[in-house]
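One-letter residues, chain by chain:
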Amino acid sequence: MYEIIKAAAKASAESATVCLVFSEKTLYHRDQDLDARSHHALATALKRADLKCDAGEFTTVHSPEGRPLAILGLGKRKEFSREKLTVAAAGLVKGLSKLEATSVTVSVPIEVLEALHSKQAERDFATALGEGVALGNFKFNTFKKPSEKPHAKALSIFLDADERGDALASGLAEGLSLGESVNFARSLAATPPNVATTSFIASEAQKLARESKDLKCAVLRGNDIAKYKLVGLDNVGKASENPPCLIEISYTPKSKSAPLVLLVGKTLCYDTGGLSIKSRENMKGMKYDKCGGMAVLGAMRAIVRLKPDVRVVALMPCAENSISNNAVRVDDIIRYPNGVSVEVTNTDAEGRLVLADALIYGCSQYKPAAIVDLATLTGGVVVGLGRTFAGYWCEDEALRNALEQASRDSGDRIWRLPMHEDYKEMMKAKHADLWNSAPVRDAHPIQGAAFLSNFVDPKIPWAHVDIAGTADLERDKAPFRAGPTGFGVRLLVKFVEHFAGKGK
Ligand code: BES
Ligand code: ZN
Ligand code: ZN
């Protein structure tokens, strides 16, 4: 799909040369030669008042050399970051597709690397460029007519960067690969619920595991549900013709003594709300209720390529929250194998019921060193934090620091919300130990986290990330188009790398 070459491309009509320019519009030394060769087409264009060089702004300029020459804006030099570069790279892809260019030479001035203020500027620059190119190149066309199917195009990327070419090329390959894992999660997330059934998702996980001997996949379903007392999955999934399952995919590194990290992702192939049915406005888009699980799966795809020295087990409690005469009712009481009973007060608070199974199972089977769960759990977190940050809860300082570092390194933004005994009290029910939703709307997203805390071994550091707001976008927001974002893939990968001692 992508070819990376450490040189400038030979001149041709399909090969564009791109100069990176900050809003201050300085043409750096290495681009001045190019400018001279192109009769100062670059300098002339930069004088135009309408050219702002905002991050991602792509401007073609006339080049007498006969091949497309373009300026890619990076935004203000002072505000430059990996994130801005990712946005710019997505703009590059958009611009190239308009030009119908199949290869691009990116000229990388040392001054642009310096503006990142990073010790590993080459690597940071190149990985962010790669991620942005891959993210910007994402298309979900499976269901379109062939004539209306613009495909993600193959692209040759030439890096014109003198002796820094090697470091940049390997970083670029890594960034592209990570971006492709995010896109893998996005494609599955976008797959509609009549196709992406519980068994479809299970077979996708098995397919991924077959790609590498370091991955193993097991699917608990049918009799296993009763055997392992997965009562949440059983109850939430029983109204659907698509039976529930617990998908388990694990990565084993060379060193058998490596610590184990448990990742858990809510995988609701569709959430109608069940008998507490959603309104027509609120049901739309509930195919994205599997995004936690898809992020975890996408992270496993990336992890097996990076081979960090840490064991990773991913659990995806997978079900469809539907309606039938066999549906779980409001007022039903469920008993979990850790002894906790739960009164179902709202069948639409189903995510926490299936996550409870995975948390109990994961803690008892693996005694992990840390647990991170990702879930599109509450509408409340969307009201509170919008599409910009995912909300998270974690009462362990070391895990918090690792996640926040991973967030900064990856661009997947998370914001911590509080936990307190009061919230745990709110979840105590009249006729059972807990209810799955308190009768008041107070602190909705926190109610979810407080509920889940009852199913995690208190000795194990645990973080819950509510991605209901960040899993998909209604409008384009660079580097993403409207649709699923794959939020969490990059966060989890950076976190696992950090855990393995490989991160920064
Ligand atoms: N899947 C939804 C949460 C959701 C809402 C995700 C909007 C994405 C966008 C979840 O299962 C749900 O319905 N939550 C309820 C919880 C309530 C019944 C306690 C909610 O947020 O209203
Ligand atoms: Zn729901
Ligand atoms: Zn849900």
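Here the structure is a predicted model, which is why all the values come from computation and not from measurement. (Residues numbered from 1 in each chain as written. Chains lettered and ligands numbered in written order. Predicted model: local features only at pLDDT ≥ 70, side-chain atom pairs only at ≥ 80, totals over all residues. Heavy atoms only, no water.)

A. Main features of the coordination of the zinc ion (ligand 3). Only Lys266 (NZ), Asp271 (OD), Asp289 (OD) and Glu350 (OE) from the protein coordinate the zinc ion (ligand 3), and they sit 2.0 to 2.4 Å from it. Taken together, the six donor atoms surrounding the zinc ion (ligand 3) define angles of 77 to 172° at the centre, an arrangement classified as octahedral. Mapping the donors of the zinc ion (ligand 3) onto the primary sequence yields the spacing K-x4-D-x17-D-x60-E. The class of Asp289 is buried, set by a relative accessible area of 3%. (Donors = N, O, S within 2.8 Å, 3.2 Å for Na, K, Ca; no water. Tetrahedral: all angles 85-135°; square planar, octahedral: opposite > 155°, others 65-115°. Buried < 20%, exposed > 50% of the residue type's maximum accessible area, 1.4 Å probe, protein only.)

B. View of the sheet that holds strand 1 (residues 2-5). Strand order in the open sheet made by the six strands is 1-6-5-2-4-3, with mixed pairing throughout. Looking at which strands have only one partner, the edges of the open sheet turn out to be strand 1 and strand 3 (58-61). Taking the axes of each pair of neighbouring strands and ignoring which way they run, one obtains an average angle of 25° across the sheet. Of the pairings in the sheet, the one linking strand 2 (residues 15-21) to strand 5 (residues 103-107) comprises five bridges and is parallel in character. When the sheet's bridge partners are listed, Ser15 is paired in strand 5 with Ser103. In this fold helix 5 (residues 121-136) packs onto strand 1, strand 2 and strand 6 (155-160), with an angle of close to 160° to the strand it touches most, strand 6. The sheet strands contacting helix 6 (residues 165-190) are strand 1 and strand 6, and the helix crosses strand 1 at an angle near 165°. (Pairing = 2+ DSSP bridges. Helix = DSSP H or I, 4+ residues; strand = E, 2+ residues; numbered from the N terminus. Axes fitted to C-alpha atoms, helices over the stretch in contact; angles between N-to-C directions. Contact = heavy atoms within 4.5 Å.)

C. View of the coordination of the zinc ion (ligand 2). Listed as protein donors to the zinc ion (ligand 2) are Asp271 (OD), Asp348 (O), Asp348 (OD) and Glu350 (OE); their distances from the metal cover 2.0 to 2.2 Å. Each of the six donor atoms around the zinc ion (ligand 2) contributes to a set of angles spanning 72 to 169°, which defines the coordination as irregular. Site description for the zinc ion (ligand 2): donor spacing in sequence, D-x76-D-x1-E. Among the residues examined, Asp271 registers a relative accessible area of 3% and is labelled buried.

D. Spotlight on the packing of aromatic side chains. Overall, the coordinates contain seven aromatic pairs when judged by the stated rule. Between Phe140 and Phe143, the ring centres sit 6.1 Å apart and the planes meet at 50°, which makes this aromatic pair tilted. Looking at Phe140, the relative accessible area reads 26%, which means it is partly exposed. Seen from their ring centres, Phe389 and Trp415 are 5.2 Å apart, and the 80° between their planes marks the pair as edge-to-face. (Phe/Tyr/Trp six-rings, centres within 6.5 Å; stacked < 30°, edge-to-face > 60°.)

E. Geometry of the environment of Arg186. By the element assignment, Arg186 lies in helix 6. For Arg186, a relative accessible area of 1% translates into the label buried. Distance in space between the C-alpha atoms of Arg186 and Ser199 is 18 Å, their sequence separation being 13 residues. Sequence-distant contacts of Arg186, defined by excluding residues within four places in its chain, comprise Leu135, Phe138, Phe480, Arg481, Pro484, Thr485 and Gly486.

F. Molecular detail of the packing of helix 7 (residues 198-210) against helix 11 (residues 291-306). Where helix 7 contacts helix 11, the two axes come as close as 11 Å, and the packing angle between them is 10°. When the axes of helix 7 and helix 11 are compared, the pair comes out roughly parallel. Taking contact as the criterion, the partners of Ile201, Ala205 and Leu208 in helix 7 are, on helix 11, Met294, Leu297, Met300 and Arg301. A breakdown of the residues in the contact of helix 7 with helix 11 according to their chemical character gives six nonpolar, no polar and one charged. (Parallel < 35°, antiparallel > 145°, perpendicular 65-115°, else oblique. Nonpolar A, V, L, I, M, F, W, Y, C, P; charged D, E, K, R; others polar.)

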